[in-house]
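# Close look at the chain arrangement
Given next are the chains, with one letter for each unit.
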Amino acid sequence: MIAELDERNAALAQSVWDALPYRSLQGHALVAGHHLYHVAPVHALLHQRGTHTVDRREAPDGTLFASRLQHLGIKYGELTEPMPAVPIGQVLPEHLDTLVESGAAIWESLYRSKKPIVAEVRRAGEAGGHSLPRLSVADPQIDALIGEVHAETERIWLSPPEDLADLHDGRIPSGAGSFSTVLTTLVFVNGETRPLGYACFGGLVRAAYEDMPLESLRHMARLLAATPAEFLGYCGLGKLHEFTQRALGGLDRISSRDDFAALMAHLALYVNCLGGWNLQLFPWHLGDGLRREGALG
């Protein structure tokens, strides 16, 4: 399937272009409708502003979107969510049928079969491949932590994280899950992981680029990240909790907003990767008996 980038949001399109080639776990919208998306290993998506937005519902099928949730998305049919979105390109008309077929296969993968589908995004006519960007900072201790987060993100990028797989299989050493339930814990883990990546770490990157004072950034990071990371650690995501604790403990070593943003960007990419795998592993088929009133099938 081939798409062309355009000039509606040229800077964002260029950031995606510069990141190619890469591979990523392909996902599908679970609430909004006929929409595909995956986590793109592009740190700039967290903070670059779009200059042209559209109502996603009214965009043509095949529209590519760049999201500050660090997603590259493609609309392929009806959408119900009234979300302002940032278009960066369009699938070629002759590939729209393939896009629809892909959407059906990806929904089946996410909702029922649980067999992961990996997207490869590359420049047309060039070889594929994959790598994750690695940012560096001045302080050796924080730079070493970034290196560890980067290495762990690379390790789990295309393979389910063991601690998350254990959780979904009911292996929860802490005993989380009242009366031995597992689904309740999965629901709460999903509910904490997504905002920790999207709103907390991603939001802190945006705040740094919007000139929030460094001391305020440190304060907000401690306020926003500690409690959800501690809860997720209790539920089984120990590596996430460890990385967050070490990051918060080292904030006073950071001497610039750029270095703060680099650390938060790596944590955001790591947590967003976990969030993608959590959505892939989640037993959505348990909701087969819960349908909107009047819905068929």
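The present account deals with the structure reproduced in this document. What you are looking at is a predicted structure, and each value in this text was computed from that prediction instead of being measured.

With that settled, consider the sheet that holds strand β8 (residues 87–91). As summarised here, the arrangement of the seven strands in space is β1-β8-β5-β6-β3-β2-β9, forming an open sheet in which the pairing is antiparallel. Here the strands that pair on one side only, and so sit at the sheet edges, are β1 (3–5) and β9 (118–121). Going from strand to strand, the sheet's axes swing by 30° on average, the running direction of each strand aside. Relative to β9, strand β2 (residues 22–28) runs antiparallel, the two being bridged by four bridges. Across the sheet, Y22 pairs through a bridge with V121, a residue of β9.

Where helix α6 (residues 214–235) meets helix α7 (residues 238–249), the axes come as close as 8 Å, and the angle between the chain directions of the two elements is 155°. The pairing of α6 with α7 is recorded here as roughly antiparallel in orientation. Of the two possible hands of crossing, α6 and α7 adopt the one that is left-handed. Residues A221, R222, A225, A226, A229, E230, L232 and G233 of α6 pack against G238, L240, H241, T244 and L248 of α7.

Looking now at the pattern of salt bridges. Evaluation of the coordinates by the stated rule reveals 23 salt bridges. One salt bridge connects E210 with R49, and the closest N-O pair in it is separated by 3.2 Å. Remark: R49 occurs in the loop between β3 (33–39) and β4 (54–55) and E210 occurs in the loop between α5 (183–209) and α6; sequence separation between them is 161 residues. Note on R49: relative accessible area 57%, which makes it exposed. R171 is paired through a salt bridge with D166; the nearest N and O atoms lie 2.8 Å apart. On the basis of relative accessible area, D166 is assigned to the partly exposed category, the value being 28%. One network of salt bridges, in which partners are shared, links E148, K239, E242 and R246.

Parameters and conventions
Residues numbered from 1 in each chain as written. Predicted model: local features only at pLDDT ≥ 70, side-chain atom pairs only at ≥ 80, totals over all residues. Heavy atoms only, no water. Pairing = 2+ DSSP bridges. Helix = DSSP H or I, 4+ residues; strand = E, 2+ residues; numbered from the N terminus. Axes fitted to C-alpha atoms, helices over the stretch in contact; angles between N-to-C directions. Parallel < 35°, antiparallel > 145°, perpendicular 65-115°, else oblique. Left-handed = near helix turned anticlockwise from the far one by under 90°. Contact = heavy atoms within 4.5 Å. Salt bridge = Lys/Arg side-chain N within 4 Å of Asp/Glu carboxyl O. Buried < 20%, exposed > 50% of the residue type's maximum accessible area, 1.4 Å probe, protein only.

Read these as spatial facts, not as claims about activity.
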